[in-house]
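Structural overview
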Amino acid sequence: MSIRFNHTLVYSTDKKEASSFLTDILGLPAATPFGPFLVVELENGASLDFLDVGNTTISPQHYAFLIDEEDFDPIFERIRAGGRDYWADPFRQRVGEINRNDGGRGVSLDNASGHFLKFLTMPSATGQCDD
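Predicted model only: the values in this text are computed from it and were never measured.

Definitions and limits used
Counting restarts for each chain: residues are numbered from 1 in the order of the written sequence. A pLDDT threshold of at least 70 governs which residues receive local features in this predicted model, and a stricter bar of 80 or more applies before side-chain atom pairs are shown or counted, although totals over entire chains, interfaces and linings include all residues. Here the side-chain values reflect all heavy atoms present in the structure, with hydrogen atoms and water set aside. For two strands to count as paired, DSSP must find a minimum of two bridges between them. Numbering of helices and strands starts at the N terminus; helices are DSSP runs of H or I of at least 4 residues and strands are runs of E of at least 2. Axis definition: a line fit to C-alpha positions, over the contact stretch in the case of helices; interaxial angles, taken between N-to-C directions, run 0 to 180 degrees. Only protein atoms enter the calculation, which uses a 1 Å grid: trapped sets of points that fit a 1.4 Å probe without letting it out are cavities, open sets showing protein on both sides within 12 Å along at least five of seven lines are pockets, and any residue with an atom within 4 Å of a point is a lining residue. Grid points are joined across faces, edges and corners, and a volume is the space filled by probe spheres set on the points. For this classification, the nonpolar set comprises Ala, Val, Leu, Ile, Met, Phe, Trp, Tyr, Cys and Pro, the charged set comprises Asp, Glu, Lys and Arg, and every other residue, Gly included, is treated as polar. Side-chain atoms within 4.5 Å link the members of a nonpolar core, which is a set of buried Ala, Val, Leu, Ile, Met, Phe, Trp, Tyr and Cys residues. Each residue is assigned to one of three classes by its accessible area relative to the maximum for its type, calculated with a 1.4 Å probe on protein chains only: buried under 20%, partly exposed between the two thresholds, exposed over 50%. We call two residues contacting when some pair of their heavy atoms lies within 4.5 Å. An angle counts as roughly parallel when it lies under 35 degrees, as roughly antiparallel when it exceeds 145, as roughly perpendicular when it falls between 65 and 115, and as oblique in every other case. Salt bridges are identified by distance alone: a Lys or Arg side-chain nitrogen within 4 Å of an Asp or Glu carboxyl oxygen.

This paragraph deals with the sheet that holds strand 2 (residues 32-34). The strand order across the open sheet built from four strands is 1-4-3-2, with neighbouring strands paired in mixed fashion. One side of each edge strand has no neighbouring strand; the edge strands of this open sheet are strand 1 (7-12) and strand 2. Each neighbouring strand pair of the sheet contributes to a mean axis angle of 35°, computed without reference to strand direction. One ladder, built from six bridges, connects strand 1 with strand 4 (residues 47-52); its direction is parallel. Bridge pairing in strand 4 places Ser12 opposite Asp52.

Take a look at the structure:
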């Protein structure tokens, strides 16, 4: 049996702004339109399909991206250059810090729709957590 994650919908107050925010931080190509969606393709074949939801209340979600160690510094610099708050922890207590969990590095921030984005260089599987 082969089971692979394919896509998820990302509810947004402004799908163009939300998808551009993510592609700009990650250095990815711009999202492509597909029906009512703006689709951000990831290297593993999965995608994030951004959808405007109008006046519907958005429940914040957590989206974690495993990145290569050499990609962390450019991504982190784009986050800092954007002037947004960022955190080392999911509880938003360690503002302006990165974490060094599991022997890697990680940083989190909110997007304009209130979703929590996390960028990490090691999977969060070993339980070695400094936050």
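More follows now that the structure is in view.
Another aspect to go through is the layout of surface pockets. What the largest pocket holds in volume is close to 580 Å³. Leu42, Glu43, Phe65, Leu66 and Ile67 are the residues nearest the centre of the largest pocket, which is lined by 19 residues in total. Class assignment for the residues of the lining of the largest pocket results in 13 nonpolar, two polar and four charged.

We now examine the nonpolar core. In terms of nonpolar packing, the biggest core is built from 24 residues, with Leu22, Phe65 and Phe119 touching the most fellow members. At the level of secondary structure, the elements contributing two or more residues to this core comprise helix 1 (15-26), strand 3 (37-41), strand 4, strand 5 (62-66), helix 2 (69-81), strand 6 (106-110) and strand 7 (116-120). Here this core gets five residues from one element, more than from any other, and that element is helix 1. With sequence-adjacent residues up to four places away left out, Leu22 is seen in contact with Val40, Leu48, Phe50, Phe65, Leu117 and Phe119.

For Arg92, which is not a glycine, the phi torsion comes out positive at approximately 60°. For Arg92, the position within the fold is in the loop between helix 2 and strand 6. According to the relative accessible area criterion, Arg92 is partly exposed, its value standing at 37%. Phi is positive for Asp102, which is not a glycine, with a value near 55°. Positionally, Asp102 belongs in the loop between helix 2 and strand 6. We classify Asp102 as buried; its relative accessible area is 11%.

Attention shifts here to the packing of helix 1 against helix 2. Between helix 1 and helix 2, the shortest axis-to-axis distance is 8 Å and the interhelical angle comes to 130°. The angle between helix 1 and helix 2 places the two elements in the oblique class. On the side of helix 1, the interface is formed by Asp24, Ile25 and Leu26, while helix 2 contributes Ile75, Arg78 and Ile79. Here the contact of helix 1 with helix 2 is composed, by residue class, of four nonpolar, no polar and two charged.

All chains considered together, the criterion is met by five salt bridges. Here Arg105 ties to Glu69 by a salt bridge, and the two come within 2.6 Å at their closest N and O atoms. You can see Arg105 sitting in the loop between helix 2 and strand 6 and its partner Glu69 sitting in helix 2, a full 36 residues away along the chain. Judged by relative accessible area, which is 13%, Arg105 ranks as buried. Taken together, the shared-partner salt bridges in this structure form one network comprising Glu69, Asp73 and Arg105.

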